[in-house]
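Remarks on the overall topology
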Amino acid sequence: MEIPKRRMGAAKLRTSDAMTLQVLTQELLRRPLGQVEPSTVLDLLALSEIGAQLPPSLTRDLEAFRAQILREISDLPDGPPLLELLRELSPLNPERAPACLRAHLQHIALNRHHEDVVPVLSALLARWDEVPAEAITLPTATVAPKIVPAAQVGSSARAAAAKGTSTSTAKVTVAKAVERPRTRTPATPTAQIDPRRAEWIEEDAIARLANYGAQGIKESVLVGGAVHRSPYTDMTTAEVLTTLRKMKREGKVNSSAGRWSRR
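What comes next is a walk through the structure.

Our next topic: the overall build of the protein chain. Broken down by element type, the protein chain carries eleven helices and three strands. Going through the 263 residues of the protein chain one by one, you find that 38% of them count as buried. Considering only residue pairs separated by 6 or more positions, the protein chain has 73% of its internal contacts joining residues 24 or more positions apart. In the form shown here, the protein chain has an accessible surface area of approximately 15,300 Å², with 54% of it arising from carbon and sulfur atoms.

For the structure shown, the criterion picks out zero aromatic pairs. Over the ring of Tyr 232 we find Arg 197; its NZ or CZ atom is 4.8 Å from the centre of that ring.

Relative orientation of the contacting elements helix H2 (residues 38–47) and helix H3 (residues 56–75) amounts to 125°, with a least axis distance of 8 Å. Here H2 is positioned oblique relative to H3, judged by the angle of their axes. Handedness of the H2/H3 crossing: left-handed. Residue-level inspection shows Val 41, Leu 44, Leu 45 and Leu 47 of H2 in contact with H3, the latter providing Leu 62, Phe 65, Arg 66 and Ile 69. Taken together, the residues of the contact of H2 with H3 sort by class into seven nonpolar, no polar and one charged.

Time to look at the sheet that holds strand S2 (residues 253–256). With antiparallel pairing, three strands are arranged side by side in an open sheet as S1-S3-S2. The open sheet has two edge strands, strand S1 (217–218) and S2, and neither has a second partner. Bridging between S1 and strand S3 (residues 259–262) involves two bridges; their strand directions are antiparallel. Within S3, the residue paired with Ile 217 across the bridge is Trp 260. Lying on the sheet, helix H9 (residues 195–209) is in contact with S1, S2 and S3; it crosses S3 at an angle near 85°.

Among the secondary structure elements, Ser 16 is positioned in the segment before helix H1 (18–24). At a separation of 2.6 Å, a polar atom in the side chain of Ser 16 contacts the main-chain carbonyl oxygen of Lys 12. Contacts of Ser 16, omitting those with residues within four sequence positions, involve Leu 21, Leu 24, Leu 138 and Pro 139.

Between two packed helices, both the angle of their axes relative to each other and the distance between the axes serve to describe the pair. Closest axis-to-axis distance for the H9/helix H10 (residues 219–229) pair is 11 Å, and the angle between their directions is 130°. With respect to their mutual orientation, H9 and H10 come out oblique. Relative to H10, the crossing made by H9 is right-handed. On H10, the residues that touch Trp 200, Asp 204, Ala 205, Arg 208 and Leu 209 of H9 are Val 221, Leu 222, Gly 225, Ala 226 and Arg 229. Here the residues of the contact of H9 with H10 are counted per class, giving six nonpolar, one polar and three charged.

This part covers the environment of Thr 40. Within the element layout of this structure, Thr 40 appears in helix H2. When residues no more than four places from it in sequence are discounted, the contact partners of Thr 40 are Met 8, Gly 9, Ala 10, Leu 13 and Leu 28.

Mapping Asp 204 onto the fold places it in helix H9. Discounting chain neighbours no more than four positions away, the residues touching Asp 204 are Arg 6, Ala 226 and Arg 229.

What follows concerns the pairing of S3. Within a regular strand, the side chains alternate between the two sheet faces. Looking at chain direction, S2 and S3 are connected through four bridges and run antiparallel. Bridged to Ser 256 within S3 is Arg 259. Taking the residues between adjacent antiparallel strands as the criterion, S2 and S3 are bridged by two residues, where Ala 257 takes a positive phi near 55°.

To continue, consider the environment of Asp 234. In this structure, Asp 234 sits in the loop between H10 and helix H11 (237–249). Those residues in contact with Asp 234, other than ones at most four positions away along the chain, are Arg 197 and Glu 239. A polar atom in the side chain of Asp 234 sits 2.9 Å from the side chain of Arg 197.

Looking now at the pattern of salt bridges. Inspection of the entire model under this criterion finds 14 salt bridges. Here Arg 14 ties to Asp 43 by a salt bridge, and the two come within 2.5 Å at their closest N and O atoms. With Arg 14 in the segment before H1 and Asp 43 in helix H2, this pair connects stretches of sequence that are 29 residues apart. Side by side, Arg 14 and Asp 43 carry an identical accessibility label, which is buried. The salt bridge involving Asp 43 is made with Arg 96; its shortest N-O contact spans 2.8 Å. One end of the pair, Asp 43, is in helix H2; the other, Arg 96, is in the loop between helix H4 (80–89) and helix H5 (99–108), with 53 residues separating them in the sequence.

Here is what the cut-offs are and how they apply
Residues numbered from 1 in each chain as written. Predicted model: local features only at pLDDT ≥ 70, side-chain atom pairs only at ≥ 80, totals over all residues. Heavy atoms only, no water. Helix = DSSP H or I, 4+ residues; strand = E, 2+ residues; numbered from the N terminus. Buried < 20%, exposed > 50% of the residue type's maximum accessible area, 1.4 Å probe, protein only. Contact = heavy atoms within 4.5 Å. Areas by Shrake-Rupley, 256 points an atom, 1.4 Å probe, with all protein chains shown as cover. Phe/Tyr/Trp six-rings, centres within 6.5 Å; stacked < 30°, edge-to-face > 60°. Lys NZ or Arg CZ within 6 Å of the ring centre and 35° of its normal. Axes fitted to C-alpha atoms, helices over the stretch in contact; angles between N-to-C directions. Parallel < 35°, antiparallel > 145°, perpendicular 65-115°, else oblique. Left-handed = near helix turned anticlockwise from the far one by under 90°. Nonpolar A, V, L, I, M, F, W, Y, C, P; charged D, E, K, R; others polar. Pairing = 2+ DSSP bridges. Polar contact = N/O pair within 3.5 Å; in protein donor to acceptor, adjacent residues only side chain to side chain. Salt bridge = Lys/Arg side-chain N within 4 Å of Asp/Glu carboxyl O.

Here is the structure:
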């Protein structure tokens, strides 16, 4: 099995809420086995087993991905291609190996006889048998506090005053409702972006957009996915958008109606 040099991966798949997972997994679930980091494959297979915690559409996509991955593993020849996969899985923490993959490897072990594959596969399964698969409980998405319009609060304050409530209390309530005006965060100047980071953003954007044709991807999905996949922990939305706009000026990508596509 020829493994591409550049594989896709995502961190914190087991600890993100369902809404975030829909962004993080969108592109990963379209990739074959050889194009996804082994640790990420384990995470996605584990997520495919907890459908009750996920939206129905994401559950269907994860189950389809699981069927595809297990089928691809079954199709690996009994020799170097399968051995390469086993050697990539061996260093990973055994608790991260989901039940579906454990059962599948136990099944194919019955008819694998290559002299190099058998001992590695047996050792891997024995190691996994000693440690139960990690249970996943996803966090619930944080619900933003309800914002009460100032006019509505003002009406409530007047009503309270009519009932004898302290006038000063009503004034304080109105004052709290009139928040300070929003300040727009200035965009990151192109000159201040590390060229290596900009290069990574460009490669990531081109790779993702290549699969979507003229329809493209929503800006929020493209930008959010880049931030989460980035090897730079301090990557920001503004930085990604700045690079995308530079790419647009250079004629590499298009944007229209809140969507980005390759030119």
